[in-house]
Amino acid sequence: MDFSGLIQDFGPLTITGLAQGAIIALFALGYTLVYGVLRLINFAHSEVFLLGSYACLVVWGFFGLDQNSATPSVIAVIGFLLLGLVAAIVVSGLTALGVELVAYRPLRRRNAPPLAFLITAIGASLFISETVGVITQRNIKAVPPLIRPADVFVIGNMHVTNLQILIIVLALVMMFVLDRFINRSRLGRGIRAVAQNPDSAALMGVNKSRVIALVFLIGGLMAGIAAVMYDLKIGVTRFDAGFLLGIEAFTAAVLGGIGNLRGALLGGLLLGVLQNYAAGLFGTQWLHAASFVLLVLILLVRPTGLLGESLGRARA
Amino acid sequence: MRQVFARAISGLAVIGLVAGAAACNSSSGDDDSASGGNCGYKLAYFGALTGSSANLGVNIEQGFELAINQYNEKKGSDCITVAKFDSQGEPAVAPGVARQLVADKKILGIVGPPFSGESEAADPIFEEAGIPTISPSATRVSLAANGWKTFHRAVANDDSQGPAAAAYIKDTLKAAKVFVADDQSAYGAGLADIVKKTLGSAVVNSDKTEADGKQTDFSAVVQKVVSSGATVMFYGGYYQNAGLIRKQLTAAGWKGTLVGGDGMKDAGLAKAAGNAAAVGTIVTCPCSPPEKAGGTFVTDYKAKWGVDAGTYSDVAFDAANIYLQGIDAGNTTAEKMNTFLSTVNYQGIANTYKFTETGELDPSLIKVWTFKFDATGNQVADQEVKVTP
């Protein structure tokens, strides 16, 4: 165990962990929202993210950008980023709606048992990921260097870069907006109502099907943003990128309390940072193992996660 | 309906058996008549011609075919026939194709299989049939430990690369601080361990990553490299992880050199990292640069195929010529050919070839070169590294 290394690198490991955690948190929202309303885990959410991570690359490709392009001017970068975000959000959102339409709605109509939803979701997930694998010949797709990492400020040996700030700030802003939307808006009230009691909500005139579709859509939008941030941070995507990060995002959702929006944020950031600390302390080969040990320990003390399960329940 | 199919298929099988037996008879008849000039035999290429890893296979097949064409031109006849067997580089496909190959009794020797995985699947079939193989590129160390009498490889195995990489880091890069990491694979960890042992106290820190496709965020490794003050990072692993690590190292402002083995010698590294980050990355390979081959090989190859000779084209050319020398010396059965290979001492265009009892290239003949990624993502020959066996 490398305690001195961990202490020496504490600052840098924290900031890089927070950036990774912010991406995980945005991704985790999709799991948490769907669970909050349906009490089901949407395992196809990882592919919602995956298609988003390809969508922005395809759009940037239209402009002739690839991994060997020069970094464009600031104004062009902002334009490309917005364009990439829109593309990823649209594709991820549509994918999420598609998954709901194909893998969830027909089963819900027939009152299928929860296990059936699980299997169709896994099926949809495998189908999308394998299709992407075949189309891309399981090769990686690299990301153009839209943002050249540059130090914005330095504290000790902790270099905080423009990209890290962008990712973390964007995640916090999206989380704030979403929290306001769920808690203050009319549609958000509908979501909370269905989460609390679907039947009563329906009696009160809430359209349950529409709420469920809305929840999938919001999860998809957030996954689209996460996908663009992931591309910029990691630099490549491939057909199983969603699966890998999906497990971490799902873990983050459970860690923070699945069904709880703020829990997803807390869980994501915590997981990102703790994975880095574990890698620093025990070696990178223990990165995943250590974070799951921690998850088990936290669930032993707080079985419903750090902030508890509550989409609407606690603050209804 | 199903019964009809079954009958049709079994009927076809019977016809096939009869035809096969007839073919065997006719071929043994030809053997007797071909006594003058040792003609009428076949040499086979076995390996990928299609599929995702076809590039390397095509390099090898074209070198192999060129040698036989030149031999036939010299004889003024189509003396030796080229037989090609496409394994797609897949261990799952290779055995079926190998059985087709061994059914042809005129084949005296095989150049291939190019990859270690398909070698493990197909070589037992060649061993059983007694047909000798010379692989120009399968480098997994354990292949020689199976007790196969027909197995030969014309390049050094993976064990030679670790010492070469370490020598390069010490003597050419003159690095005082080296960071070593690997992907926990048999290949990567083995390589990294040898480098660590050889460099000794120059290794300031080390780490292990997950395998290719199991990890994409390398923040922690990158941070350790930066903090260690190392000017060189050796990575035992494959090109995809290496490309990502290189990109994330550059993003973190690290300006040192990434060094690795032939698992990283792939354009995919530059693709993942982007050419700007990949430039300067050093990879070792138990191969010589094809453009350094002797004789008129380089121009002949270009004239015949319209492209430059690729990695291992030259070795395949030599391997084919070893067989042709064997045929000239009257080794006209696979068994005799195999005995011939155990005594061969052949000076080719890429190297001199002598095989040990296990089919390895004689240790005194091992060549390892380093290659450097240039600004367009190509791997350009850098220098030959002397390894003391």
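The structure under discussion appears in the preceding block.
Residues numbered from 1 in each chain as written. Chains lettered and ligands numbered in written order. Predicted model: local features only at pLDDT ≥ 70, side-chain atom pairs only at ≥ 80, totals over all residues. Heavy atoms only, no water.

Describe the overall build of chain B, with residues and values.
Summing up its helical and strand segments, chain B has 13 helices and 14 strands in all. Classification of the 389 residues of chain B by burial places 54% in the buried group. Here the analysis covers contacts within chain B between residues at least 6 apart in sequence; of these, 68% occur between residues at least 24 apart. Surface accessibility of chain B: about 16000 Å² in total, with carbon and sulfur atoms responsible for 54%. (Helix = DSSP H or I, 4+ residues; strand = E, 2+ residues; numbered from the N terminus. Buried < 20%, exposed > 50% of the residue type's maximum accessible area, 1.4 Å probe, protein only. Contact = heavy atoms within 4.5 Å. Areas by Shrake-Rupley, 256 points an atom, 1.4 Å probe, with all protein chains shown as cover.)

Before we move on, can you summarise unusual backbone geometry with the specific residues and values?
Each neighbour pair has its own omega, and for Gly 112 of chain B with Pro 113 of chain B the value is -15°, a cis peptide bond. By the secondary structure assignment, Pro 113 of chain B is in the loop between β3 (107-111) and α4 (116-129). Backbone geometry places Arg 39 of chain A, a non-glycine residue, at a positive phi of 60°. Structurally, Arg 39 of chain A can be placed in the loop between α2 (10-38) and α3 (45-62). Despite not being glycine, Gln 88 of chain B shows a phi value in the positive range, around 60°. Structurally, Gln 88 of chain B can be placed in the loop between β2 (81-86) and α3 (94-102). By relative accessible area, which is 35% here, Gln 88 of chain B ends up partly exposed.

Mind laying out the pattern of salt bridges, listing which residues take part and the relevant values?
Within this structure, the stated rule accounts for 14 salt bridges over all chains. The partner of Glu 100 of chain A in a salt bridge is Arg 105 of chain A, and the shortest N-O contact between them spans 3.1 Å. When the shortest N-O distance is used, the salt bridge between Asp 308 of chain B and Lys 302 of chain B registers 3.7 Å. Its relative accessible area of 54% is what places Asp 308 of chain B among the exposed residues. What you see here is one network of salt bridges that share partners, running through Glu 100, Arg 105 and Arg 108 of chain A. (Salt bridge = Lys/Arg side-chain N within 4 Å of Asp/Glu carboxyl O.)

Pulling in residues and values, what's your account of the interface of chain B and chain A?
Listed per partner, the contact involves 29 residues of chain B and 30 residues of chain A. Between chain B and chain A the total buried area reaches about 2400 Å² when both faces are included, carbon and sulfur atoms providing 50% of it. Remark: the boundary between chain B and chain A carries one salt bridge. A salt bridge links Lys 233 of chain A to Asp 217 of chain B, with the nearest nitrogen and oxygen atoms 2.9 Å apart. At the surface where chain B touches chain A, the tally comes to 14 residue pairs in polar contact (both at pLDDT 80 or more). Within the residue set of the side of chain B that touches chain A, elements represented by two or more residues are β7 (203-208), α7 (219-228), α8 (239-251), α9 (267-273) and α10 (275-278) of chain B. When residues of the side of chain B that touches chain A are assigned to their parent elements, the largest contribution, six residues, is made by α7 of chain B. A class-by-class count of the residues in the side of chain B that touches chain A yields seven nonpolar, 14 polar and eight charged. (Buried area = accessible area lost by both parts, 1.4 Å probe. Polar contact = N/O pair within 3.5 Å; in protein donor to acceptor, adjacent residues only side chain to side chain. Nonpolar A, V, L, I, M, F, W, Y, C, P; charged D, E, K, R; others polar.)

If you had to explain the state of the cysteines to someone new, which residues and values would you point to?
Residue and element names in this part refer to chain B. Across all of its chains, the model carries two disulfides over all chains by this definition. There is a disulfide in this structure between Cys 39 and Cys 79, and the S-S distance comes to 2.0 Å. One quick way to see it: the torsion about the S-S bond of Cys 39 and Cys 79 is about -105°, and its sign makes the bridge left-handed. Highlighted residues: Cys 39 in the loop between α1 (2-33) and β1 (42-47) and Cys 79 in the loop between α2 (54-75) and β2, separated in sequence by 40 residues. Looking at Cys 79, the relative accessible area reads 2%, which means it is buried. Covalently, Cys 285 is tied to Cys 287 through a disulfide, its sulfur atoms 2.1 Å apart. When the S-S torsion is 125°, as for the bridge of Cys 285 with Cys 287, the disulfide is right-handed. Given a relative accessible area of 3%, Cys 287 falls into the buried group. (Disulfide = S-S within 2.5 Å.)

Explain the sheet that holds β1 of chain B residue by residue, including any values.
Residues and elements named next belong to chain B. Read across the sheet, five strands follow the order β2-β1-β3-β4-β5 without closing on themselves; strand pairing throughout is parallel. Of all strands in the sheet, those bounded by a partner on one side alone are β2 and β5 (151-153). In this sheet, neighbouring strand axes are inclined to one another by 25° on average, regardless of whether the strands run parallel or antiparallel. Relative to β5, strand β4 (residues 133-135) is paired through three bridges, and the arrangement is parallel. Within β5, the residue paired with Ile 134 across the bridge is His 152. Contacts between α3 and the sheet are confined to β1, β2 and β3, with β1 contributing the most and set at about 175° to the helix. Of the strands in this sheet, β1, β3 and β4 are in contact with helix α12 (residues 313-328), which crosses β3 at around 160°. (Pairing = 2+ DSSP bridges. Axes fitted to C-alpha atoms, helices over the stretch in contact; angles between N-to-C directions.)

Talk me through the packing of aromatic side chains; I want residue IDs and the actual numbers.
For any two aromatic rings, the description comes down to two numbers: the centre-to-centre distance and the angle of the planes. All names here are of chain B. Counted according to the given criterion, the structure contains 15 aromatic pairs over all chains. Ring geometry for Phe 297 against Phe 317: centres 4.9 Å apart, planes inclined by 55°, an arrangement best described as tilted. Of this pair, Phe 297 sits in helix α11 (residues 297-305) while Phe 317 sits in helix α12, and the two are 20 residues apart along the sequence. In this structure Phe 297 comes out as buried when scored by relative accessible area, which is 2%. Taking the ring centre of Phe 371 as reference, the NZ or CZ of Lys 265 above it sits at 4.4 Å. Across the ring face of Trp 305, the terminal group of Lys 304 is positioned such that the distance to the ring centre comes to 5.1 Å. (Phe/Tyr/Trp six-rings, centres within 6.5 Å; stacked < 30°, edge-to-face > 60°. Lys NZ or Arg CZ within 6 Å of the ring centre and 35° of its normal.)

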